[in-house]
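Structural characterization, general
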Amino acid sequence: MPEPLNVAIVGCGIGHMHAQAYRTLPELFRLMAVCDIDQSKARQFAAIHDIPRMVGDLADLCAMEDIDVIDICTPPGLHFAQVQQVLASGKHAICEKPLVGSLREADALIAAEAAAGRRVMPIFQYRFGHGLQKLKLLIERGVAGRAYLATVETAWRRRASYYDVPWRGKWATEMGGALLGHAIHAHDMLTYALGPIRSVFCRAATLVNAIEVEDTAAVALEMADGSLATLAVTLGSSAEMTRHRFCFSGMAAESNTRPYSNSGDPWTFVGDTPEQTTLIEATLATFEPLPEGYAGQFYRFYHALHNGSELPVTLQDARASLELVTALYDSQRRRQPVNLPVQPDHPMYAGWLPVAPPSAC
């Protein structure tokens, strides 16, 4: 086994969950440093996760010759510049969602990654739950058959206190609302399973909290394979849940409804005939579980780096999620369907931030 990778984390919010995942894989990763502009947070973080170094400036991390990977867990508005800074220092980058605020920035990072000879892995840890991985296996083996319909529900609750964090709920710093920051994982799970989207029609509004960005949406999709899908999103559900349901010619598949881990077991798979159910069971008997969530993504990242294989989540994957977000905001504002792909001459290719924050999104 090659040596573990030395990792530094930037940002002490969601960074805690990243650190916990790395610590479950001690043979693959060593946590060497943490960076936060709030030094008291950095000290506490370092003590909790047994990290030997703490700094207040990303440049200090970039200058550390023994760091292999810098994991960016900062507010979204900082990601573009910070990923570029990490690549320029000759280190690999991992970056929380949303990756950046426009397709133009995503394309610039794709070019920067190629020029640097280092890798950038965006975070989509929901992909690696065992339930979703079983669905992926059934699709890849041809057991599922043709897709007909998928429904995705993201019904969470965010009260006013959630937006006491200064950068949340604002276009300039959060860069979007529920479609960008909350439901993006559930929507990535859809395209991870079924592939690209052909067309979207979106209704979105700010109904739950007094914020600039949207917190509720209803979306109709046509997938590139001809199947249909719906997305329902709200941050005003007293009972929180996330659910995916897929109807194929050979089976129906449904996730559990845990709001923040619905990609994990149990999922239900029902064959269209008794013979199909037997085939599903036989296929699932070959399933080989790997780590889930953040640990699952980091585990696959490590092996991809050492094998020279494709990363478990690529910049192209993150770009596809941002292309969907771009199309959703465009459709919502123009009240018209929008076809994908979004081309560089599209008015929102350079970003979807409004010139002036609207009263309702």
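Below or above, wherever it landed, is the structure these notes cover. (Residues numbered from 1 in each chain as written. Predicted model: local features only at pLDDT ≥ 70, side-chain atom pairs only at ≥ 80, totals over all residues. Heavy atoms only, no water.)

**Quick word on the pattern of salt bridges**
Applying the stated criterion to the full structure yields 13 salt bridges. Close ionic contact of Arg53 with Asp66 constitutes a salt bridge, the shortest N to O distance being 2.5 Å. Of the two residues, Arg53 sits in strand 3 (residues 53-55) while Asp66 sits in the loop between helix 3 (58-62) and strand 4 (69-72), which places them 13 residues apart along the sequence. When its relative accessible area of 26% is taken as the criterion, Arg53 is described as partly exposed. The partner of Arg334 in a salt bridge is Asp330, with the nearest N and O atoms 2.8 Å apart. Pair noted here: Arg334 and Asp330 are both in helix 12 (residues 315-334), with a separation of four residues, about one helical turn. Taken together, the shared-partner salt bridges in this structure form one network comprising Glu153, Arg243, Arg245 and Glu254. (Salt bridge = Lys/Arg side-chain N within 4 Å of Asp/Glu carboxyl O. Helix = DSSP H or I, 4+ residues; strand = E, 2+ residues; numbered from the N terminus. Buried < 20%, exposed > 50% of the residue type's maximum accessible area, 1.4 Å probe, protein only.)

**Structural notes on a nonpolar patch on the surface**
On the surface, a cluster of nonpolar side chains totalling about 280 Å² of accessible area is made up of Tyr148, Leu149 and Leu228. For Tyr148, a relative accessible area of 45% corresponds to the partly exposed category. (Patch = residues over 30% accessible without salt bridge, like charges linked within 9 Å, V, L, I, M, F, W, Y side chains within 5 Å. Areas by Shrake-Rupley, 256 points an atom, 1.4 Å probe, with all protein chains shown as cover.)

**Digging into the packing of aromatic side chains**
This model, assessed by the stated rule, comprises 12 aromatic pairs. Both rings, one in Phe29 and one in Phe298, keep their centres 6.3 Å apart while their planes meet at 70°; by these two values the pair is edge-to-face. A residue pair is termed long-range when its members are at least 10 positions apart, and Phe29 in strand 2 (residues 29-35) and Phe298 in helix 11 (residues 293-307) qualify at 269 residues. Here Phe29 falls in the buried class, since its relative accessible area comes to 5%. Geometrically, the ring pair formed by Phe246 and Trp267 is stacked, given 6.4 Å between the ring centres and 25° between the ring planes. Residue Phe246 is located in strand 11 (residues 236-248), and its partner Trp267 is located in the loop between strand 12 (251-254) and strand 13 (268-271); the two are separated by 21 residues in the primary sequence. The same class applies to Phe246 as to Trp267, namely buried. Among the aromatic residues, those joined into a cluster by ring pairs are Tyr22, Phe29, Tyr294, Phe298 and Tyr302. Over the aromatic face of Tyr162 sits the side chain of Arg158, whose NZ or CZ is 5.1 Å from the ring centroid. A cation over an aromatic ring shows up here: Arg168 above the ring of Tyr162, its NZ or CZ 4.0 Å from the ring centre. (Phe/Tyr/Trp six-rings, centres within 6.5 Å; stacked < 30°, edge-to-face > 60°. Lys NZ or Arg CZ within 6 Å of the ring centre and 35° of its normal.)

**Observations concerning the sheet that holds strand 2**
Within the open sheet, the six strands sit side by side as 3-2-1-4-5-6. Their pairing is parallel. Among the strands making up the open sheet, the edge pair consists of strand 3 and strand 6 (120-122). Averaged over all adjacent pairs, the angle separating strand axes in this sheet is 25°, with direction ignored. Pairing between strand 5 (residues 92-95) and strand 6: three bridges, direction parallel. The residue bridging Cys95 from the neighbouring strand is Pro122, located in strand 6. (Pairing = 2+ DSSP bridges. Axes fitted to C-alpha atoms, helices over the stretch in contact; angles between N-to-C directions.)

**Focus on the side chain of Thr283**
Within the secondary structure layout, Thr283 lies in helix 10 (residues 274-284). For Thr283, the residues in contact, after removing those within four places along its chain, are Leu137, Leu138, Arg141 and Val143. (Contact = heavy atoms within 4.5 Å.)

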